Structures are given as C-alpha cells and as structure tokens.
Amino acid sequence: MTEIKETTVRKIAHAARINLSDEEFHSYSEALQNMFNLAEQLEREDSLGISQMAHPFEPASLTRDDVVHPEKDVDKFHRLTPYFSQGFYEVPAIIEEPS
Amino acid sequence: MHKKSIVELSASLAKAEISSVELTQHYLKRIKQYNKNLNAFITVIEEQAMQQARLADQRRAKQEYVTPLTGIPIAHKDIFSTKDVLTSCGSRMLSNYIPPYNASIVEKLQDAGMVLLGKTNMDEFAMGSSNENSYYGSVRNPWNPDYVPGGSSGGSAAAVASRIIPCATGTDTGGSIRQPASLCGITGLKPTYGRLSRHGMIAYASSLDSGGILTGNAEDTALLFNYLACFDPKDSTSIQQPTPDYTAKLNQPLDKLRIGIPTEYLAHDLNPDVLNALEQAKSIFLSMGVTFKSISLPHTHLAIPVYYLVSCAECASNLARYDGVRYGYRCKHPKDLTDLYFRSRSEGFGSEVKRRILAGTYTLSGSSYDTHYRRVKRMRHVISNDYQNAFKEVDVILGPTAPTPAFRLGEKLKDPITMYLSDIFTVSNNLAGVPGISIPAGFSSNLPIGIQITGNHFTEAKLLNIAHQFQQQTDWHKRIPEQFA
Amino acid sequence: MAWETTIGLEVHIQLKTNSKLFSTASTVYGADPNTQACSLDLGLPGLLPVANQKAIDMAVRFGLSVAANIDQCSFFSRKHYWYPDLPKGYQITQHSRPIIKNGQLPISLSNGETRFINIERAHLEEDAGKLLHHGFHGNAAVDFNRAGTALLEIVSAPELHSPEEAVAYLKTLHRLVRYLDICDGNMQEGSFRCDVNVSIRPTGQTELGTRTETKNLNSFRFVERAIIYEVQRQIALTKQNEPIHQETRLFNPDTGKTYTLRSKEDAEDYAYFPDPDLLPITITDSSIAQEKEKLPELPWVKQARFIKDHHLNPDDAQILTAQRATADYFEETLQYCQADEQLVAHWIIGELFAALHKAHLSINNSPINPQQLAKLLNRLHDTTISNKIAKIVFEAVWNGKGDPDAIIEEKGLQQITDNSLLERCINELFARSEPQIAEYKAGNKKVFTYFVGQIMKATQGKANPAQVNLLLREKLRELYT
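Residues numbered from 1 in each chain as written. Chains lettered and ligands numbered in written order. Predicted model: local features only at pLDDT ≥ 70, side-chain atom pairs only at ≥ 80, totals over all residues.

A few words on the overall build of chain C. Scanning chain C from terminus to terminus reveals 15 helices and 17 strands. For chain C, whose C-alpha radius of gyration is 30 Å, the value lies well above the compact-globule estimate of 23 Å for 481 residues. Along the first, second and third principal axes, the C-alpha atoms of chain C reach 95 × 55 × 55 Å. The proportion of buried residues among the 481 residues of chain C is 43%. Taking as baseline every contact in chain C between residues at least 6 positions apart, the subset at least 24 positions apart corresponds to 69%. (Helix = DSSP H or I, 4+ residues; strand = E, 2+ residues; numbered from the N terminus. Rg over C-alpha atoms; globule rule 2.2 N^0.38 Å. Buried ≥ 20, exposed ≤ 12 C-beta atoms within 10 Å, placed from the backbone. Contact = placed C-beta atoms within 7 Å.)

This is how it looks when you write it as structure tokens:
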C-alpha cells in the first residue's frame, strides 16, 4: 500500500486554500490515505475495455439562443456582501511577485 | 390534522372543511412545540407562511389557479435557494447568504400554491449520512432523540416523521433522501438524474445530485412529484422529456411484476432486523402475485470507492467558488489576498466538508487525474451496466435502504469510512442515475427500517405504484412516534 | 552564431454574441462596473451554465474558414485557479477535446510569397472579470462585467520565425474574424488579444529552445516590439551562458521591455476535468452545412480575385479587402460605374478614405454611397468634369447637396470643351502677357504652367486641362512662326 507523504498533504491543502491545524493535519492525512486506498482498490479492478461515463445520461446537448435578459436590479447582488463599494467588489491588495 | 395524508388534506381544503390558514397555523404551532428538541429547522418563516396561506385560501375561494397542492404546507431543505430567505446549506460559509432568486423547484411548488413554512437542517453542503455535520447542530431522530435521523436530508426526514410538516424537499447525492427516510420511517423518492431541475439547488456533486421529496406515503409523493418533475431550460442536464401523471397508475395490480433481489445485498453484513424486514416485505409482495428472482449486481463493492472519488472531485471543484469575495463568509481583517482565501475557507467550512475538498483536490491533482478520475468514470460505466443487465431480467430491484437502523449520535463521527458504508445500498443508484424509493417496512427496537425499490431510468411511476400497493397492505408508514402523535 | 526565432501565437478573440457564453447577461462594452454580471457570472450557488448556441456556431464558422476539423462531440472542462476576478474558482474552457483542430491560415509575406501557418486548435471559453490593483483605500477592486463573455482561443503551431511573420499572421487572422462577423476586432477594448510564445535556437538545431510566453498584447505594434525584445533578451542570456526560464511575462509598452509575471515552477495545477454541469457539445452535419452556407468569400480569396478580375495591384487589393464593407463598397461602385477599376480604387483609397478618416466615420456610415460615387466617377470618365472639379463635386455630395449630376448641372460645372471659347480666352491672356511670352521665347518653359493656370482660373476650373494644353501649345507655336 502506498503511503501518502506529509508534503503531499500540505501541497493538497495549499491547492485547496485550506489551513490545517496539527489535529486536522492528522485526521485529513488519514482521509487522504483512505481515498488513496479506495483508488488503489479500483486500480486492481480496472477494466480498460469500457468507455468512460461522466454522466448518467448523455442526451443531446442543451443550448440556448443568444438572447439577453438584463437584470433589473443588480443591487441585489451587490448587497450580498458588505465589501462592495463604489461599484466594485473590494479585496485585499495583491502583492505582486517580484520580477 | 397532522395525521392526515396530503391527499386527504387536499380533499378537506377542496371541500372547505379546513382552510390553509388553519392548516398552516397548526403546523407552525407544532414546529414551535417540537423543533427545539428535534432541531429539524434552520429557519421558520411564520409571517410569510401566513401570508401565503391567506393567498392560497383566496385562490381556492375564487377557484383561481387551484391545484391539489394549493394551501398545503411544505418545507425546503436548506440547500434550495429561496428568494429573500436565508439559504445556508448547513454551513457557516453561507450563514449570511440570502439568495436573490428562487430555485426552480421552489418556484414550481410556490406556483402550485404550496405554503412554505421554513428551511430544514442538513449536513453541511449535503455531505454526511447522520446530520451531525451541520453548522446549526445535529438533528435528532424523532423515534429516539439519542439517535441520528440520517443524512444529509435529516432535517426534512425528522420534520416529516414527526409530522411537524406534511412534506419536505430533499436532495440525494449518494442516498441523502432515501437513507434518512429509512432511518425516520417515512417515504423518500430520489428520481432519475435530471428529472428534477438542479437550478437553484446548491451543488455538492453535480453529476450525482438529485432533488427529491420526503413525505408520509407513496400516494402523497406521486401527487407532489407531478408538480416537481419537468424539463428546465436553465439546467443543461435536465431531461427534455414529457412527464406522465404519476398518480395515474398507483392502483395498478402487481401480479405481472418481476422483482429482483441482488445476491450481493444479502451477502453483505446486514443487521438481522433489517434482513427480517426485507424477508417480510418479500412475502407481502409474493402474496400480491409478484414473481421474485435472484439477480446479481457484481460490482456493488465498487460503488463506495467510485462514489467517493467522483463526489469528492466534483465537490472540490464546486466549492472553489466560496472564497469570501462576492457573498458568504469572509474572515475578519485578512492580511492579504492569500490570507483572505485561506482563512475564509478554513473558518467557513466544517471538518467533513474540508475533508472531502482535500480528498477531491487530491483526486483531481495533476499526477493523479489521469489515473484516478478517468478510471473512476470507467468504473461508473461498469456499475451502470450491471443495472442495465439486471433490468433485462426484472422490472425493479428490491433491497434494504441502509444496512442498519439509525445509529447513535456520535457513534460513527470518528470513523468516516464506516459512516460512508451506511450508503452502501444507495450510492449505486446515483452513479447509474436510476431512481429509487425508500419506504418503511418494519422496526428494530422502536427504530424504523426502510426498504428500497430501484427501477430503470424514468420508472418513477412504476416505483410509486409498487410502493403504494405495498402501503395498501402494510401500515408501517402510518406510524408516528408516540411523542408526536 | 546565427539564431533562429520560433514564435507561436495564442489569440483570444471575443465572439460577437449579444449574451455571454453561459449566461443571458449582456456583453456590451463600457457599462458601469458590475452592472452586467448576473447571478451566474458572479458564481452564486446553484446557478448552472447553459451554452450559447451562437458562440458554438461562430466557432464552427471559424473552423470551416481555416479548413480545420470540427469536433462534433467536443466538451467543456473546468480549469481551476485562484484569482479574485475568477468568480467560480474555475474557468469553463475546453481542454482535451477542443471544438476546432488542425486548420491552416494562409499569410502573405512582403516578398510576395504565401505561407500556410498551421492552427493547432481553437476552443471556446469564458472570459474572467477585471481586477483593478490600485486606488481603493489600499485594496484591489473587481469588476465582473466581462466575466463569462464568450472567447475563442486560437492557437497557432510554433512555426512563425520573425516579428514580421507574426504580425502578418495576426493581421490575416484579424481580417478573417471580422469577415466572418464573429469578432469586432476592437483591440483597444480587448476584443482581439494575443499571447506570444517565443524561443530561440542556433540555426540548424532541430529541437526548440525554452520558450517564454508574453501575455495580453493588444496591438500589432506591441507584439512586434515584444518579440524583438524577447529575442534579444534570450540571445543575450544564452551568450552569457545563463539559462532561459520557461515563464509567463508581461510587456510594458512604456519601456519596451518584458518582465516576469510568474515562472513555471509556481504555476498552478489547473486540475482540468470535464464540467459535469454541461453535456458534450454535439454538432450535427446539418448545422455544419448551414454554417458553410453562411461562410463569406474569404479575404485572401477576395484579394486574389480583385487582382485577377479587377486588375488591381496587390497593395490596392489588400487595402480594399481589409474589411468586407470596403470590398463590398468597391464592388458595388463598380456595378454602376463605367470608369475603370483602378480609378474607382484610387478614389476610394484616396478621397473617400481621407474624408472618412477626417470625419471619424466608418465606410458603413459614409455620406456618399457607392451609387453616388459611381455617378461622379462616370462624369469624370466621360470628361464632363475635370479631376479638380470632381473633388469639388465629391465634397458637395459628401455635404448632402444631392446627386452628382444635379450638382454639376446646377452649378454649371461641366467642362468647357468649346474650342472657340478657349481660343478667345487664350488670345485675351496673350494680349496681357507680353513679358511672360518673351520669357517663354527665351527658353523658360516653366511659364507654360503659368499660362495653363491662368486659363483654368479664367474658366473657373471648368476647362478641360488636356484640351487647354493642346490649344496653348498650338497658339505658342503660332507665335514663334
């Protein structure tokens, strides 16, 4: 059984933008290990002969006509956050990486 | 009043024996009385409900836009967007989120004249099988408050089982309607994937998520399903097929029916009471002229791994939008953008959600995407083929809904994998997109046991017919926990 | 050592749809911030994408125009990264199965040669919002209006070898997408933007050097300058035995330099996977056939035809086919015109373009229509008016004074072709021009121009200059003899 490395767990947490406390680190490492084991179980039983299935059905794709339905009251979206001001969503400044 | 079925209540409303206002007041009173202990509701909207009830009464009085559901109270799982009403999805992340629009399902039932009383508790982002993962606290099983109601639609199931609401919507990604229905002793339908619109339903795993309904019996389910099932142009995965009248064939005899019980289900480590309930159900069906056949779903053991890999991958992606920028929880005083992302997400999500996000991020990450995700999709096809082969031999498949009755609160919290296994009989339906209904079929020391009937795609009418016929012969579905009688 | 440059181009064109790729919000440029982002564009929970059929049709049209393969079952994928202008935490794009694959774009080089540049793929994707870094109490600010706008990303093979070739490719593509009516081509507004991949290798080496990608260039000139700078920078590094890093760079038009945005090592793992909210894009044979019907004459075909059938020189043909509207204007004018094609071409490129430019008008809004221009040129052709008068008539028509013939008639602008009248003018002129005649006799032939000018003046420009020349020479010869 392949064991998941600590660095992998840290990397995954970073990719998911989630901080891990020490306790969480332990419990989530276990979760990742479990997930990995499930994946390995599947590997043993893989049948390459069969096509992939992403969806229960794959009927004809649904598309729509190119018609605009303008929103009457866009303020209702802006009111969803207190961090909306002067027409913009505010976020902390992004520190540019040095060139 | 609360002991009547929706069909009966609808008849009383039609004959003006009761009004929607009375009915609504009655249920609001029951919610007030019992919810404190059950914790089934996150939000109760008394004033709006009364207003809608008055409107429903007016509609009935004027005979304008009256449907059988006009004036009947309902609750929505807190995963369905309700305009101007908190839609938290059981999460701190959305504990301040008031949607500016209605989910299609909400809109449809509102158009039918149903009266919305509130939003039900649930496992955070529908991730869980016990309803212990809610930011708003655990829900109690009405049959025994020390036990879980199942999840993730645990609030809906507990509310319907205690008759503090006649019906409630739910969602089912791996069993989240059927398993709590089973554990609470009510009827829960997970339809064919795409039969109900997902528009406005907050996503957990898009290719598995199904909206559905929890009620006291199959006949009520059929009635509601008539107003829920439809094609929705706002959902690309919605099915563009006309819907039949689901109540039309409820009374068809079952004598030509062929039911299969998968050998794999029986080989599983089943609770003896659950097995007994299944045997009993079988003999009832036999007495109705049904033919039984032993069948095989040879890849059942793969369902759980495939389910977790698919659902976690999709969950990691679907939940990437919660970054604190445009709505939802934002951490206090972020140092910079990175801090905003990390802290908003770490503080906003609960531990099970984070666990699944990490597992999914792992599944989707560069090195493992090819090996894992593609493989998983192939295996999904394998599982789906099992069903198609089975449906060549039988009309429907019968099995337990869950391997055990309800378990104690906290019992499985520390052990996610055992918790995941409580979905063993339900997840395959979601992977294959086929419908399933859980109906009450017995008890184990005063805790309900459910059985599940699974049919091929679009066979909801058939499933409801079978469930209804079963309920003509049994009275499990009529039982209410003493305390709530 | 001699170096060879290899360039690959990724062009994002904004498709000319009214609504976005997956939502029904408007795509009109320049609206107030965050007024054109609907619930789906903002990534609100529970909202689902539904693809815009017109964007798919436009992608197909593009594919057909470059003789590419159309994938009749391509699909959308999610590309994950974290940035505040990305509302869902992922961009919906196409990854392993783009809608368009393996096309070719013919580009004409300055030596008259035509080269076919391979287009590896073109795929549909949604645009992100816009992040404003500064000026909000130390915070950054996001405008999501652009989020969800339909883009077609067109990726060339790395087989361009100079800034000139790159620009020729871009100009050809720019002209094409406007011909196809799938993009307005407005580069200032970002409707046509370009990422440039550049690498160098010693001439003769088969494997490619490490490439850098310079992102978001929105003018041909910037592309040219960025490539020149990158090539110089890479050569200098190599000469100093410094490695070239595979990285993303930005071009600063003020300094003419490129600088590092992020290096490959800290590039995100995009975790692509098929979007479960969307089913594969199925394209039927009949919808392909329909798009084929709609395909206009392609610009390079039109250009070749103008040279061959309208006897234009390559430069004029290029200018007149730069836009479909110009080419249409030219051909419509020809329909009503007896003058030869070159004359029509020169008037459009010269007089008309100058006037349009001055008035900031596009040819679609020209105050002079092709029929009017044709009439005017017909009068020039049949010598009713002189070139000089023609310009006066042009101005009058431009200013809405009516039909050219009516203007000529009304103002009496017809040329004076009556010999006796002209002779009388010449006699009068000579009578008062003794000193000039003496000069002429003395050998100063320049005085001739003076005489012509005087006659034109006396006739208010209505004399036929050729006729005046002829008569003057005759009369002067008479004076000699």
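A word on the pairing of strand β9 (residues 396-400) of chain B. Residues and elements named next belong to chain B. Judged by how many residues are buried, β9 sits mostly within the fold: five of five residues are covered. Here strand β7 (residues 258-262) runs beside β9; their pairing, made up of two bridges, is parallel. For G260, the partnering residue across the bridge sits in β9 and is I397. Where β9 and strand β11 (residues 447-455) come together, five bridges link them in antiparallel fashion. When the bridges of β11 are listed, I397 appears paired with T454. (Pairing = 2+ DSSP bridges.)

Each partner contributes residues to the interface: chain A has 42 residues there, and chain B has 52 residues. Elements with a minimum of two residues in the side of chain A that touches chain B: α1 (6-15), α2 (22-44), α3 (75-78) and β3 (88-91) of chain A. Classifying every residue of the side of chain A that touches chain B gives 28 nonpolar, eight polar and six charged. (Nonpolar A, V, L, I, M, F, W, Y, C, P; charged D, E, K, R; others polar.)

This part takes up the interface of chain A and chain C. In this assembly, 31 residues from chain A lie in contact with 38 residues from chain C. Elements supplying a minimum of two residues to the side of chain A that touches chain C: β1 (63-64), α3 and β3 of chain A. A per-element tally of the side of chain A that touches chain C places β3 of chain A first, with four residues. A breakdown of the residues in the side of chain A that touches chain C according to their chemical character gives 16 nonpolar, seven polar and eight charged.

With that settled, the discussion passes to the environment of R356 of chain B. All names here are of chain B. On the secondary structure map, R356 appears in helix α12 (residues 351-364). The class for R356 is buried, based on 28 C-beta atoms found within 10 Å. Spatially, the C-alpha atoms of R356 and L309 are 9.4 Å apart, while their sequence positions differ by 47 residues. For R356, the contacting residues outside a window of four places in its chain are M127, C312 and C315.

Most peptide bonds adopt trans geometry, and most residues besides glycine take a negative phi value. The step from G151 of chain B to S152 of chain B runs through a cis peptide bond, and the omega angle for that step is 5°. A positive phi angle, near 55°, is found at Q63 of chain B, a position not held by glycine. Inspection of the secondary structure assignment puts Q63 of chain B in the loop between α3 (46-62) and β2 (73-77). Phi is positive for N102 of chain C, close to 55°, though the residue is something other than glycine. Tracing the chain through its elements places N102 of chain C in strand β7 (residues 100-108).

Each strand in a sheet pairs with its neighbour through backbone hydrogen bonds, running either in the same direction (parallel) or in the opposite one (antiparallel). Residues and elements named next belong to chain C. Reading across the sheet, the three strands line up as β6-β5-β16 and stay open at both edges, with antiparallel pairing between neighbours. Two strands lie at the open edges of the sheet, namely β6 (90-93) and β16 (273-274), each paired on one side alone. The pairing of strand β5 (residues 77-80) with β6 spans four bridges and is classified as antiparallel. When the sheet's bridge partners are listed, S77 is paired in β6 with T93.

The next point concerns the nonpolar core. Within the largest apolar cluster, 255 residues are counted, with the highest numbers of intra-cluster contacts made by I74, L117 and L358 of chain B together with A59 of chain C. Ranked by the residues each element gives to this core, the list is headed by helix α10 (residues 300-318) of chain B, at 11 residues. Each residue touching L358 of chain B, except ones within four places of it in the same chain, is listed here: I12, A13, A16, I18, Y28, A31 and L32 of chain A. A317, L376, F394 and A396 of chain C belong to the second-largest nonpolar core, a separate cluster that totals 30 residues. (Core = buried A, V, L, I, M, F, W, Y, C linked by C-beta atoms within 7 Å.)

All names here are of chain C. The topology assignment puts K130 in strand β9 (residues 130-136). Linking K130 and A141, residues 11 residues apart in sequence, is a C-alpha distance of 8.4 Å. When neighbours within four sequence positions are excluded, K130 is seen to be in contact with D85, D143 and R146.

Residues and elements named next belong to chain C. Within strand β11 (residues 150-156), six of the seven residues are buried, leaving the element largely enclosed by the surrounding structure. Where strand β1 (residues 3-14) meets β11, five bridges bridge the pair, whose relative direction is antiparallel. Residue pairing across strands places V11 opposite I154, the latter belonging to β11. With seven bridges joining them, strand β8 (residues 114-126) and β11 adopt antiparallel strand pairing.

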